[in-house]
Amino acid sequence: MIVWDVGYLRKIRAVEIEVGDPVPVFEGNAVITERIAKVETIATLEDRVYCLTVAEDHTLVANGIFTGQCDGDEDCVMLLMDGLLNFSKSFLPQNRGGTMDAPLVLTSRIDPSEIDKEALNVDVGKGYPLELYEAGLKYAKAKDVEPLIDRVERRIGTPQQLEGFLFTHDTSDISSGPLESTYTQLKTMTEKLEAELDLAEKIRAVDADDVAERVLNTHFIRDLMGNLSAFSKQKFRCTKCNTSYRRMPLAGKCTKFKGQRHLQR
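Because the structure is a prediction, the values reported are computed rather than measured.

Asker: What's the story with the overall build of the protein chain in this structure? I'm lost.
Answerer: Each helix and strand in the protein chain was counted, giving 6 helices and 9 strands. Here the protein chain holds 265 residues, and the buried ones make up 18% of them. A separation of at least 24 residues holds for 39% of the contacts in the protein chain among residues at least 6 apart in sequence.

Dropping the structure here:
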């Protein structure tokens, strides 16, 4: 749901809507503000609902009510036999990327030492020691205070790598939080970079010049080099007959397929 707070819009889950919340409503040819007068859960008349993607603003109007798409990676829980019996590669798209999220690999045992290290960089202690805050006052480097934090990575190879994970604060809903990040709301990379540097200027513990240097060295220059390398090595493929070309034919179209231009990178 879209809630129209003073000065800005924010997205919340439908179950979080409360009486009195202001919401934008499309009426006639104008958008007006209405307040929720009553909240009632109504069972759907259909067995299934459908998801759709709206470009740019990721928002649509349904029966005059504005609703937004959720943001972030999608996860799911699938029963084993459902994946084995109700799945076929014939369901997958033939284009590139059609198998990216398909359940093509079955893993019977997960070894924490074999997964991405980013997944191990999670603190699992019940609190933070006083030494951490004292180090913060001294602007200590992150690697100097790393031993003070109980993280999953430090438990690898012990029974605690799979059990005894603690947390610092209780929550009523583990999935609560922003449904759409500012990163997705901003349209261009220029806007995203300006927002990042503007935030760095506001945080006293952050060196804005260092942030700009890191962006150039770790993202911009590396991405530029990678894109140039990929561009020099890329091939072109006809989407009709799947013929691959090392370079775009001078004719501007597939020379083996008698038709219009169907080449793609």
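Still more ground to cover, so stick around.
Asker: Teacher, can you tell me more about the nonpolar core here?
Answerer: Generally speaking, a soluble globular protein has its nonpolar side chains buried in company with each other. Counting 6 residues, the largest nonpolar core consists of Val3, Ile12, Ile17, Val23, Val25 and Ile36. Residues contacting Val25, with those up to four places away along its chain left out, are Ala30, Val31, Ile32, Glu34, Gly64, Ile65 and Phe66.

Asker: Honestly, a nonpolar patch on the surface in this entry has me stumped. Any pointers?
Answerer: A surface patch of nonpolar side chains, amounting to about 600 Å² of accessible area, comprises Leu216, Phe220, Ile221, Leu224, Met225 and Leu228. Among the structural elements, Ile221 can be located in helix α6 (residues 208–233). For Ile221, a relative accessible area of 38% translates into the label partly exposed.

Asker: Hey, could you run me through unusual backbone geometry in this one?
Answerer: Where the residue is not glycine, phi is negative for most of them; where a peptide bond is considered, it is trans in most cases. Phi at Asn63 is positive, roughly 55 degrees, even though this residue is not glycine. Take Asn63: it is sitting in the loop between β5 (59–62) and β6 (65–68). Notably, Tyr139 is not glycine yet its phi reads approximately 55 degrees, a positive angle.

About the cut-offs
- Residues numbered from 1 in each chain as written.
- Predicted model: local features only at pLDDT ≥ 70, side-chain atom pairs only at ≥ 80, totals over all residues.
- Heavy atoms only, no water.
- Helix = DSSP H or I, 4+ residues; strand = E, 2+ residues; numbered from the N terminus.
- Buried < 20%, exposed > 50% of the residue type's maximum accessible area, 1.4 Å probe, protein only.
- Contact = heavy atoms within 4.5 Å.
- Core = buried A, V, L, I, M, F, W, Y, C linked by side-chain atoms within 4.5 Å.
- Patch = residues over 30% accessible without salt bridge, like charges linked within 9 Å, V, L, I, M, F, W, Y side chains within 5 Å.
- Areas by Shrake-Rupley, 256 points an atom, 1.4 Å probe, with all protein chains shown as cover.
- Salt bridge = Lys/Arg side-chain N within 4 Å of Asp/Glu carboxyl O.

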